[in-house]
Amino acid sequence: MANELSDVRFLTVAEVADMMRVSKMTVYRMVHSGDLPAIRFGRSFRVPETAVQAAIETPASQSHVEPHSRSAAPGA
């Protein structure tokens with residue numbers, strides 16, 4: 001297990017935000033919602049680089065958020 005962890009590169013929230021071209025607050029929201037796995041080190045978070053790459057490569061259409069539909073009223 002020690003060898004596995006030494007092979008993982010962890011990124012700061014600022015580095016992740018830069019890679020994904022979003023704000024740091026967006027990264028924190030993704031971490032807190034569980035969309036982006038992270039490890040807490042003291043008062044800061046570190047995100048595995050592989051998780052960031054996977055999030056970037058995942059098309060937005062496959063995200064868990066469903067668009068709102070205005071075509072039908074509830075119960076109709």
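This write-up is about the structure you can find in this document. None of these values were measured; they are calculated from a predicted model. All chains use their own residue numbering, which begins from 1 and follows the written sequence. Given that the model is predicted, a residue must reach a pLDDT of at least 70 before its local features are reported, and side-chain atom pairs must reach 80 or more before they are shown or counted; all residues, however, enter totals for whole chains, interfaces and linings. Side-chain metrics in this entry use all non-hydrogen atoms of the structure; hydrogen atoms and water are not considered.

### Some points on unusual backbone geometry
In this model, R21 sits at a positive phi of 60°, which is unusual for a non-glycine residue. With a 1.4 Å probe rolled over the protein chains alone, any residue whose accessible area is under 20% of its type maximum counts as buried; one over 50% counts as exposed, and the rest are partly exposed. Judged by relative accessible area, R21 falls into the exposed class, the value being 78%.

### Some details on the packing of aromatic side chains
Working definition: an aromatic ring pair is given by the centre-to-centre distance plus the angle between the planes. Only rings of Phe, Tyr and Trp enter the pairing, Trp through its six-membered ring, and a pair is recorded when the two centres are within 6.5 Å. The plane angle decides the type: under 30 degrees is stacked, over 60 is edge-to-face, the rest tilted. Taken as a whole, this structure holds 2 aromatic pairs when the rule is applied. Measuring from centroid to centroid gives 6.1 Å for F10 and F41, while their planes differ by 80°, and the two rings are edge-to-face. In this pair, F10 is assigned in strand β1 (residues 10–12) and F41 in strand β2 (residues 39–41), connecting sequence segments 31 residues apart. Classification of F41 by relative accessible area gives partly exposed; the value is 44%. A ring pair is formed by Y28 and F45, whose centres lie 6.3 Å apart and whose planes are at 65°; its orientation type is edge-to-face. Here Y28 is found in helix α3 (residues 24–33), whereas its partner F45 is found in strand β3 (residues 44–48), with 17 residues between them in sequence. Secondary structure is summarised from DSSP: a helix means a run of H or I of at least four residues, a strand means a run of E of at least two, and numbering begins at the N terminus for each.

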